[in-house]
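Understanding the architecture of this molecule
So you can see what is in the structure, the chains are spelled out below.
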Amino acid sequence: MKGPVVGRVLLVLASLSIALAGAEGVYRLRMSEDGAPDPGDDDWYVRYRRLNDTLYRRSDDAELIYEPVPSSELEMEYGPAAFNAASLRDDRETAPEPEEGRTRVAILGDSLVWSEFLSIEASIPRRTEEALGPGFEVLNAGVTGYATTQEARWYEVAVRPLHPRVVVLVYCMNDMLIMSGPFERFATGSDRAEKDAQDAFFAREAPVRRETIDDVISRRERGATFRLLARALGMWERWRFSGHYVDEYLIVANDEARRARLSAALTRLGAAIRADGAVPVLVISPVLEEWERYPWAGVHDFVRGAGESAGFHVHDPLDALRTGHEPAELRMGTDNLHYGQTGSRIFGGVLADAVREALE
């Protein structure tokens with residue numbers, strides 16, 4: 001009796017092994033097909049490097065590290081990427097003094113304000129100008145990769161001489177980080193050492209975080225004997241991670257030194273704007289995902305408090321955006337910080353409302 005039972009068990013085990021091996025083979029074949037590099041990716045990186053080389057240069061100002069090249073232009077897939085003679089992203093020249101009868105508004109920020117991947121006509125500052133109407137002129141003073149400390153200095157160097165009546169600082173969730181982009185092209189050894197220290201800080205605080213979890217799971221899967229099983233374990237780890245979510249925005253926002261640096265930059269910028277007789281406005285741009293379970297609310301609270309202490313009129317559109325719009329409607333593809341065509345128009349309206357309220 002035992003013989004037939006053992007035989008059946010061995011047959012089941014053999015069949016299961018064959019099925020698993022077959023599934024593993026199919027899975028590896030499918031992954032090799034899906035993992036084929038997109039031939040356009042290298043071309044895009046070449047264009048992006050050329051953009052950084054054309055539009056930016058090393059700055060003599062140590063605080064800035066790099067700065068826009070006045071009157072520079074490069075044709076991209078979305079149209080001209082350009083700075084005018086006043087180092088603003090605009091296809092119109094900017095007079096030193098505001099036009100009589102028009103209120104000049106300057107918008108400071110990083111690539112979110114500069115409006116990466118959007119034409120000048122579709123950029124957030126141009127949409128803000130449209131929403132405000134003909135009595136306003138809006139200047140795009142965004143510079144890709146700038147943090148709040150650099151934006152404060154950029155106001156003093158480039159925006160102050162243009163005498164805006166209102167200065168809007170758009171806070172992006174990565175504004176306490178040292179970002180890549182032009183930084184990688186123009187950073188000195190000491191600049192890079194600071195970024196290396198930042199990256200080491202992230203690795204100590206959370207080796208597995210939003211920015212690394214895909215790579216961690218992928219490396220484990222590539223090194224596994226049974227990749228299908230490794231994929232299942234990776235799915236479980238991703239599910240577990242969603243309950244203990246962490247990313248670099250949250251890590252820096254919880255670091256006292258970086259919080260103090262942001263508060264100091266806002267205090268410096270707010271004082272400079274008020275000293276010039278202008279109105280300082282701070283608008284907090286949310287992370288464009290996770291409306292139902294939004295882990296960055298505490299960052300909003302801190303930035304709001306720091307902005308109010310620095311004398312800004314603070315506007316946080318999170319509740320209004322999450323009530324009226326889905327994140328996918330606002331963002332550029334899967335990018336959770338940058339606005340797409342529709343999002344640019346909607347966020348431009350948000351900035352216009354903030355300007356009107358500050359002038360009342």
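Refer to the structure above for everything that follows.
Our subject in this report is the structure included herewith. (Residues numbered from 1 in each chain as written. Predicted model: local features only at pLDDT ≥ 70, side-chain atom pairs only at ≥ 80, totals over all residues. Heavy atoms only, no water.)

Moving on: the packing of helix α4 (residues 124-132) against helix α15 (residues 341-359). A pair of packed helices is characterised by two quantities: the angle between their axes and the separation of those axes. Closest axis-to-axis distance for the α4/α15 pair is 7 Å, and the angle between their directions is 55 degrees. With respect to each other, α4 and α15 are oriented oblique. The handedness of the crossing between α4 and α15 is right-handed. From α4, I124, R127, T128, A131 and L132 reach across to α15, where they touch Q341, S344, R345, F347, G348, G349, L351, A352, V355 and R356. In terms of residue class, the contact of α4 with α15 is made up of 7 nonpolar, 5 polar and 3 charged. (Axes fitted to C-alpha atoms, helices over the stretch in contact; angles between N-to-C directions. Helix = DSSP H or I, 4+ residues; strand = E, 2+ residues; numbered from the N terminus. Parallel < 35°, antiparallel > 145°, perpendicular 65-115°, else oblique. Left-handed = near helix turned anticlockwise from the far one by under 90°. Contact = heavy atoms within 4.5 Å. Nonpolar A, V, L, I, M, F, W, Y, C, P; charged D, E, K, R; others polar.)

Quick look at α15 now. The end-to-end C-alpha distance of α15, which contains 19 residues, comes to 27 Å, matching closely the 27 Å that a straight helix rising 1.5 Å per residue would cover. For α15, the complete set of buried residues consists of G343, S344, I346, F347, G348, V350, L351, A352, A354, V355 and A358. (Expected span 1.5 Å × (residues − 1). Buried < 20%, exposed > 50% of the residue type's maximum accessible area, 1.4 Å probe, protein only.)

Moving on to the environment of E73. Tracing the backbone through its elements, the reader meets E73 in strand β3 (residues 72-76). Counting along the chain gives 18 residues from E73 to D91, while the straight-line C-alpha distance between them is 9.6 Å. Discounting chain neighbours no more than four positions away, the residues touching E73 are T54, L55, P80, A81 and A82.

Worth remembering: the numbers are spatial, not functional.
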